[in-house]
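Okay, here's what each chain looks like letter by letter:
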Amino acid sequence: MGKKYSERFSLREVSFSVEKGETLTLMGPSGSGKTSVLRNIAGLDIPDAGSVIISGKNITKMPVRKRNVGIIFQDLALFPHMTVYDNISYGLRVKGFKRSEIEHRVYELAKMLGIHNLLERYPGEISGGEKQRVALARSVAPAPLLLLLDEPLSSLDTHLRNRVRSDIKEFAHRIGLTMIYVTHDHSEGLFMADRASLIFNGRVKAPELPETLFNNPKDVETCRFFGYNVMHIAGETVAFHPLDISIDDEEPDFSGAVTSKGFEGEHTRVHLKIANTGESVELKFNRGMGSENIRVGDLLPIKILRKHYL
Amino acid sequence: MDDRMGTGNAVRIRGATIRYTLLSFTPSIFILIVIVAPFIDLTLTFGSLNFYKIMTGSSPIAMLSRRALYNSLIQGGVSAVFSLLLGYPLGVFLGRNNFRFKKLIVSLVILPFFLPSLVVVYAFMSGFGQGSPASILFSGFTMLSRGFVGIIAVNTFFNAPLVALYTMSALSTEKSSQIEAVMSLGASDVRGFFTVFGKDTLLAALGGATLAFAYSFAGFAAPLIIGGPGAYTLDAWIYFMFRILGNFHASVSLAIFEAISLIVPTIIYVRILSTQRREGSVESRINTAPSRRSVLFLPAFAYMVAWLIIEAYLLSSVVLRALRANSTFSATNFLVLFSNRTTSATGISALGSILNSLFYGFVVSIVVVAAGMAWIAGRKMLHKRYLGTAEVFHFIPLVISSLLMAFAILIVYGINTPQQFLWILIVSAQIAVAIPVVMRTIDAGFSPISREFLESSLTLGGHPFLDVEIPLAKVSFYISLMFGFAISLGEFTATNFLATPKFFSLPVEIYSLQLSRLFGPSFAAATVLLFLSLLVFVLIQRMGEKFIGVR
C-alpha cells in the first residue's frame, strides 16, 4: 500500500505479510512512518493505493470498528473515566456480549496478566507497568484478528520495559496472538520479533528472522540503525559491529586516535577518529580485552573480526 | 447498477453532510436569526449608510453623541487599564502559589465577575455612598459611588477578576522544567517568571483587558444608575434617546456606530483566544506552583487579602443596606418588597419577577446547552475539530451589545409579536448573550480529549462520541447549564429594554423600584438576586473550576 501525507512524506512500497500467531516487528527511526503504517492497517487512515488484507478479506475500505483489529497506542489511551474492569470489558460490551461472558473473559485475561486485583481501580490509580497490562487486556479482550502495538513501552524505565516486553511476548504466544509491534528501539524490536522488518522514509524492507536481519545487514541505513560502523577500507564500503573488533598491531584494518572513552558496565565504549579519512568509528570492548589501558589520544590499531561488504 | 449505487451513495453522503453542517451551525444560525438579520434589517431600513453623521454637526444630539462616544472610550480604556493593573498580580499570585483553602479563595476572588452587574453597582452605592461606614471614615470614598470615578470603580471591580482568571489559566500549563532551567541559569524569581510565563500570561491578561474594554465601552447599568447623563456611554445614550426622547433614527444610527466600534476589540480578543486554545491530554494541565516561596509572596498575599476584604465589605453592605430601615435593622424592606404597594409601583409583584427570572434562566440554560450539544455533535459527525470562521459567529454578541441586540429584536420582531409571547423575545436575547460563554465552556470540555482515546474506542468497535467524549465532557455540560442560568439571572440591559411589567425579571424589578424611589425594597431585591447568584456560583465552582466562562 501507499499513502501521501505531505509533499515531504509518504508511505511507499509498503508490502509485507504476517502469519497467524506470529509477531512481526517494524523498526525504524523517528519519522520513518512506523505509526502511519499501523494507522493504515487499523483504518484510522485510508491508503491512497494498495490494500490491506486480513485472512483473505480485503478490509481496505472497511470501517475501523468492523475490522476487528486492535491497537495499543504509545500513551495507551486508557479511558480515564472508566475503571480497569470497564476499560477491559469495553470492546466486549460494544459488541453485545452477554454479561456473564464478559465477566468470565475479563477475569480470565486479568488473571493471566496479573491485574485481577486492580479491576475496581481507575487508570489514574495504577502504576505504569499495570497500565501497560490493562491496555493489553483491553485490546485482546475482543479477540482481534490482529493486534497493533505502537511503541507501547516507551514511557517505562529500562528495567520495567524489559520485564513487560517479556510478559507481552509470553502472553502473545500463549494465546496465539498475531501482532505487529512498532518500535524505534532495535533491541526491543529484535526481542519481540518472530520476524522483523525495517522502515526508512516510508519504505518497508522485506521481513526476515531477527537474527538474520541483525547479523547480515545488507545496506548502509540498516547498518546505521543497528549501530554498525560504516567506513571505506581499500575502496570498499565495509560495515562492522562495534563489538566485532580486536586490537591488532600486526595486521590492523585501520588505525585511529581515541577521542573519547567510557566504561558502561558490560563493555567499554571508545570513539576513534581515523587519521587519514577523518571518519569517526565507535568501538565496544568486552571486559577482559584490555580496554582499561586505553587513554584518550592513543593511536589504536584495529582489526575487524567480522566484515560486511555493502 | 454499480453506477446507480455509487450515485445513490454520493447523494446520501452529501445529504448527511448538509444535515451535520446545519446541526453544527445551530448556535450560528440562532445568532444569525436573532441578532445579525434584525440588525442588518434595522440598518438597511432605518439607518442608511449615513449613520456616521450622527457624530458630525453642531446639533445637541450630535454633541451629546460625541460626548457619549468620548465617555465610552474613556470608561472602556481606563477600566481596562485598571482591570489589568489590579487583576494581573492577583492572577499571577493565585496561579503560582499553593496554600490552604486555595480553591475557596480563588472562587471568592473571581466572584464579582460572576455577579449581575446591577448587584455590583448596588454594592458600590451602599458601600461608598453617603452615610456608608467607608464614607464616615473618609468622605472622599463617596466618589466611588457616583459619577465617572464610580463607574470606573464598578467596571474595574467587575472586570479585574476576569483578567486574574485569564492570567491564572495561562499559568496552568506544564512548564515546571523550564522554570527550573532558568533558575539553574541564575535568573531571579521575577526574571525567571517572565522568561517562562511572561508572554503567555501577559497575552492572556491582555485578552481579559480587551474584554474589560468592550464591556465597559458598552457599559449600561453603572452609567445609567450612578453616572447620570453627563457620564452616559453610547449604550446608555441610545437607550435614553429611544425611550425618553423618542428619537428613533438617531438611536439606530448610533447603534450601528457602536457595533462597528466594537469590531476591533472583538477581533483582538478572538485572535488572542485562538493563540491560547489548547489541545491534547485531559491530564496535561497541571499545577506549576514553585516549591519555595518568593520574597514577593507576603506583599502579594496581603494584596489578595485586601481585595477579599473590600469584596466582603461591598457585598455585605448590600445586605446591610437592605436590612436597614429608619436607622434600625429589620426585615421591613423585605416585607415592603413583597407587599401590594410594591406591586402597584412596578406593575408586578416581587415574587412574580423572581419567578420570571427563574423561568427565563431555566429556558435559556436548556436552549443554549441544546444548541451547544448540536454544535459539538455536528462537528464530530463532520470529523472536524474546529469549524474555523463559522465559529466566529459565536462571538458576535460581543460586537453587538445587549442593548443593540434588544433594540434590533424589538423593532424587527417585536411589532408582530403578541404581548403574551414577549417572553420569547426576552429569552432569545438572553440566549444570544449567553452563547459566547456557553459555547466556550462546552468547547473547553471537549478540546482537551486526546485523539488516541477516540481512536481506541473506534478500533474496539465503540462509539467515541457517546462512550468517551460525552462522559469525559459531561461536567462542561452541567457547568454550561449553570452559566446559562446565571447569565439569564443577571441579564439587565436587554431585558430592561424589552420587558413590559408583566415580564420583568428580578434585575429589572430592582431598577424599577429605584426609579420609583423605593430604595429600601430595591436593595432587598438586590439582596435576593445576590443570594440567588451566589447559589449558582457555588454550584459552578463545585463542579469544576477549570471551566472558564466569559460574560
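The written sequence of each chain sets the order in which its residues are numbered from 1. Lettering of chains starts at A and numbering of ligands starts at 1, both following the order in which they are written. Predicted model: local features are reported for residues with pLDDT of at least 70 only, side-chain atom pairs are reported and counted for 80 or more only, and whole-chain, interface and lining totals are derived from all residues. Processing note: side-chain calculations cover all non-hydrogen atoms of the structure and skip hydrogens and water entirely.

Caption draft 1: Looking closely at the overall build of chain A. Of regular secondary structure, chain A possesses eight helices and 18 strands. For the exposure calls, accessible area comes from a 1.4 Å probe over protein chains only, and a residue counts as buried if that area is under 20% of its type's maximum, exposed if over 50%, partly exposed in between. The burial tally for chain A puts 50% of its 310 residues in the buried class. Here the contacts in chain A between residues at least 6 apart in sequence split such that 64% fall between residues at least 24 apart. Note on charges: Lys and Arg go in the positive column, Asp and Glu in the negative column, and His and the chain ends are not counted at all. Here the site of a charge means NZ on Lys, CZ on Arg, CG on Asp, or CD on Glu. Charged side chains in chain A number 41 positive and 39 negative. The centres of these two groups are separated by 8 Å. Numbering of helices and strands starts at the N terminus; helices are DSSP runs of H or I of at least 4 residues and strands are runs of E of at least 2. Should any heavy atoms of two residues lie within 4.5 Å, those residues are considered in contact.

Caption draft 2: Structural detail: the overall build of chain B. The secondary structure content of chain B amounts to 25 helices and two strands. Evaluated residue by residue, chain B yields a buried proportion of 57% over its 551 residues. For chain B, restricting intrachain contacts to residue pairs at least 6 apart in sequence, the fraction spanning at least 24 positions comes to 80%. Total accessible area on chain B is roughly 23,200 Å²; 69% of this is exposed by carbon and sulfur atoms. Residue burial considers only the protein chains on display, and all accessible areas are found by Shrake-Rupley using a 1.4 Å probe.

Caption draft 3: Structural view of helix H4 (residues 128-140) of chain A. Relative to the 18 Å expected for 13 residues at 1.5 Å per residue, H4(A) spans 19 Å between its end C-alpha atoms, a close match to the ideal helical length. Burial within H4(A) is extensive, with ten of its 13 residues counted as buried. Listed in full, the buried residues belonging to H4(A) are A:Gly129, A:Gln132, A:Arg133, A:Val134, A:Ala135, A:Leu136, A:Ala137, A:Arg138, A:Ser139 and A:Val140. Of the surrounding secondary structure, the elements contacted by the buried residues of H4(A) are strand S6 (69-72), helix H2 (84-94), helix H3 (99-113), strand S7 (146-150) and helix H5 (158-175) of chain A together with helix H21 (451-459) of chain B. A helix's residues, less one, multiplied by 1.5 Å, set its expected span.

Caption draft 4: Fine view of the sheet that holds strand S3 (residues 23-27) of chain A. All names here are of chain A. If you trace the six strands from one edge of the open sheet to the other, you get S6-S7-S8-S3-S9-S10, paired in mixed fashion. Of all the strands in the sheet, just S6 and strand S10 (203-204) have a single pairing partner and so form its edges. Pairing between strands requires that DSSP locate at least two bridges from one strand to the other. Note that S6 and S7 share four bridges and pair parallel. The partner of Val 69 across the bridge, within S7, is Leu 146.

Caption draft 5: Just the environment of A:Ile88, in detail. Residues and elements named next belong to chain A. Of note, Ile 88 is situated in helix H2. What makes Ile 88 buried here is its relative accessible area of 0%. Once you skip the residues sitting within four places of it in the chain, Ile 88 turns out to touch Val 106, Ile 115, Leu 119, Val 134, Ala 137, Arg 138 and Ala 141.

Caption draft 6: How the structure looks around the domain arrangement of chain B. All names here are of chain B. Segmentation of the chain into domains, including their bounds, is taken from an automatic or database domain assignment. You can read the domains of chain B as domain 1 (19-40 + 331-551) and domain 2 (50-330). What gets called buried area is simply the loss in accessible area from a 1.4 Å probe that two parts show on being joined, summed for both. Contact between domain 1 and domain 2 buries roughly 5,200 Å² in total, counting both sides, with carbon and sulfur atoms accounting for 70%. Definition used for salt bridges: Asp or Glu carboxyl oxygen within 4 Å of a side-chain nitrogen of Lys or Arg. Applying the counting criterion to the domain 1 and domain 2 interface returns zero salt bridges. For the purposes of these results, a polar contact is taken to be a pair of N or O atoms within 3.5 Å, where, inside protein, one atom must be able to donate a hydrogen and its partner to accept one; residues adjacent in sequence count only when each atom of the pair is a side-chain atom. Here domain 1 and domain 2 share nine residue pairs in polar contact (both at pLDDT 80 or more) between them. Residue assignment for the side of domain 1 that touches domain 2 shows that the elements contributing at least two residues are helix H15 (332-337), helix H18 (396-399), helix H19 (402-414), helix H20 (422-446), helix H22 (464-490), helix H23 (493-498), helix H24 (506-515) and helix H25 (519-543).

Caption draft 7: Inspection of the packing of H3(A) against H4(A) at higher detail. Residues and elements named next belong to chain A. Interaxial angles span 0 to 180 degrees and are taken between N-to-C directions of axes, which are lines fitted to C-alpha atoms, for helices over the stretch in contact. Axis separation between H3 and H4 bottoms out at 10 Å; the angle between their running directions is 140°. Classified by the interaxial angle, the pair formed by H3 and H4 is oblique. Crossing angle aside, the handedness with which H3 passes H4 is right-handed. On H4, the residues that touch Arg 105, Leu 109 and Leu 113 of H3 are Arg 133, Leu 136, Ala 137 and Val 140. Should an angle fall under 35 degrees it is called roughly parallel, over 145 degrees roughly antiparallel, and 65 to 115 degrees roughly perpendicular, with every other angle called oblique. Rotating anticlockwise by less than a right angle from the far helix to the near helix defines a left-handed crossing, while the corresponding clockwise rotation defines a right-handed one.

Caption draft 8: Region of interest: the side chain of B:Asn333. Residue and element names in this part refer to chain B. With respect to the helices and strands, the residue Asn 333 is situated in helix H15. From its side chain, Asn 333 meets the backbone oxygen of Arg 324 in a polar contact 3.0 Å long. Filtering out sequence-adjacent residues up to four positions away, Asn 333 remains in contact with Arg 321, Ala 322, Arg 324, Ala 325, Gly 520, Pro 521 and Ala 524.

Caption draft 9: Highlighting a nonpolar patch on the surface. Residues and elements named next belong to chain B. Any residue with relative accessible area above 30% and no salt bridge may belong to a patch, with like charges joined within 9 Å and the nonpolar Val, Leu, Ile, Met, Phe, Trp and Tyr side chains within 5 Å. Taken together, Ile 18, Leu 22, Ile 29, Leu 32, Ile 33 and Tyr 413 make up a surface patch of nonpolar side chains, about 500 Å² in accessible area. Of all the secondary structure elements, the ones that give two or more residues to the nonpolar patch are helix H1 (2-24) and helix H2 (26-47). Here the nonpolar patch takes three residues from H2, the largest share from any one element. Here Leu 32 shows up in helix H2.

Caption draft 10: The arrangement of the pattern of salt bridges in detail. Residue and element names in this part refer to chain A. Under the definition given, this model contains 20 salt bridges over all chains. Of the charged contacts, one joins Glu 188 and Arg 161 as a salt bridge, the two residues approaching to 3.7 Å between their closest N and O atoms. Of this pair, Glu 188 sits in helix H6 (residues 186-192) while Arg 161 sits in helix H5; the two residues are 27 residues apart in sequence, bridging distant segments of the chain. The pair Glu 188 / Arg 161 is uniform in exposure class, with both members buried.

Caption draft 11: View of unusual backbone geometry. The phi dihedral of A:Asn68 falls on the positive side, at around 60°, and the residue is not glycine. Relative to the helices and strands, A:Asn68 resides in the loop between strand S5 (57-58) and S6. When its relative accessible area of 22% is taken as the criterion, A:Asn68 is described as partly exposed. A positive phi angle, near 60°, is found at B:Phe101, a position not held by glycine.

Caption draft 12: Structural detail: the confidence of the model for chain B. Residue and element names in this part refer to chain B. For every residue, the pLDDT score states the predictor's confidence, bounded by 0 at the bottom and 100 at the top. Averaged over all residues, the pLDDT of chain B is 84; the fraction at 70 or higher stands at 87%. Considering only residues more than four positions removed or in separate chains, one finds that residues 278-288, a stretch of pLDDT under 50, has 34 contacts. Predicted confidence for residues 547-551 stays below pLDDT 50, and this span has 31 contacts to residues more than four positions away or in other chains.

Caption draft 13: Fine view of the environment of B:Ile426. Residues and elements named next belong to chain B. The topology assignment puts Ile 426 in helix H20. For Ile 426 and Ala 499, which are 73 residues apart along the polypeptide, the C-alpha to C-alpha distance reads 7.0 Å. In contact with Ile 426, other than residues within four places in its own chain, are Tyr 360, Thr 495, Leu 498, Ala 499 and Phe 503.

Caption draft 14: Spatial organisation of the nonpolar core. We call a set of buried Ala, Val, Leu, Ile, Met, Phe, Trp, Tyr and Cys residues a nonpolar core when their side-chain atoms join them within 4.5 Å. Among the nonpolar cores identified, the biggest contains 198 residues, and A:Val37, A:Leu148, B:Leu94, B:Met304 and B:Phe407 are the most heavily contacted of them. Looking at this core, the element that brings in the most residues is H20(B), giving 15 residues. Formed by 35 residues, the second largest nonpolar core is a distinct cluster that contains A:Leu76, A:Leu92, A:Ala110 and A:Leu160.

Caption draft 15: Inspection of the pairing of strand S9 (residues 195-200) of chain A at higher detail. Residues and elements named next belong to chain A. With six of six residues buried, S9 is to be regarded as a mostly interior element. Residues Arg 195, Ser 197 and Ile 199 point to one face of S9 and Ala 196, Leu 198 and Phe 200 to the other, with burial holding for every one of them. When S3 meets S9, the two strands line up parallel, connected through four bridges. What sits directly across from Met 27, in S9, is Leu 198. Here two bridges tie S9 to S10, and the two strands are oriented antiparallel to one another. Bridge pairing in S10 places Ile 199 opposite Val 204. Counting the residues in the hairpin turn of S9 and S10 gives two residues, including Asn 201, whose phi is positive at 50°.

Caption draft 16: Representation of the sheet that holds strand S12 (residues 236-240) of chain A in the model. Residues and elements named next belong to chain A. Strands sit in the order S11-S12-S18 across an open sheet of three strands; the sheet is antiparallel. Both outer strands of the open sheet, strand S11 (229-233) and strand S18 (308-309), are each paired with one neighbouring strand and no more. Here S12 runs beside S18; their pairing, made up of two bridges, is antiparallel. From the neighbouring strand, Val 238 faces S18, where its bridge partner is Tyr 309.

Caption draft 17: View of the packing of aromatic side chains. Here a Phe, Tyr or Trp ring, Trp counted by its six-membered ring, pairs with any other such ring whose centre lies within 6.5 Å, and the pair is stacked when the planes are under 30 degrees apart, edge-to-face when over 60, and tilted otherwise. Inspection of the entire model under this criterion finds 44 aromatic pairs over all chains. A ring pair is formed by B:Phe359 and B:Trp423, whose centres lie 5.3 Å apart and whose planes are at 70°; its orientation type is edge-to-face. Of this pair, B:Phe359 sits in helix H17 (residues 350-381) while B:Trp423 sits in helix H20, and the two are 64 residues apart along the sequence. Here the aromatic cluster, defined as three or more aromatic residues joined through ring pairs, consists of B:Phe220, B:Tyr239, B:Phe242, B:Phe248, B:Phe407, B:Phe492, B:Phe497 and B:Tyr511. Over a ring means this: the NZ of a Lys or the CZ of an Arg is within 6 Å of the ring centre and within 35 degrees of the ring normal. The lysine or arginine in question, A:Arg138, covers the ring of A:Phe79, its NZ or CZ lying 4.5 Å from the ring centre. Geometry around A:Phe191 places A:Arg165 over its ring, the cationic atom sitting 4.9 Å from the centre.

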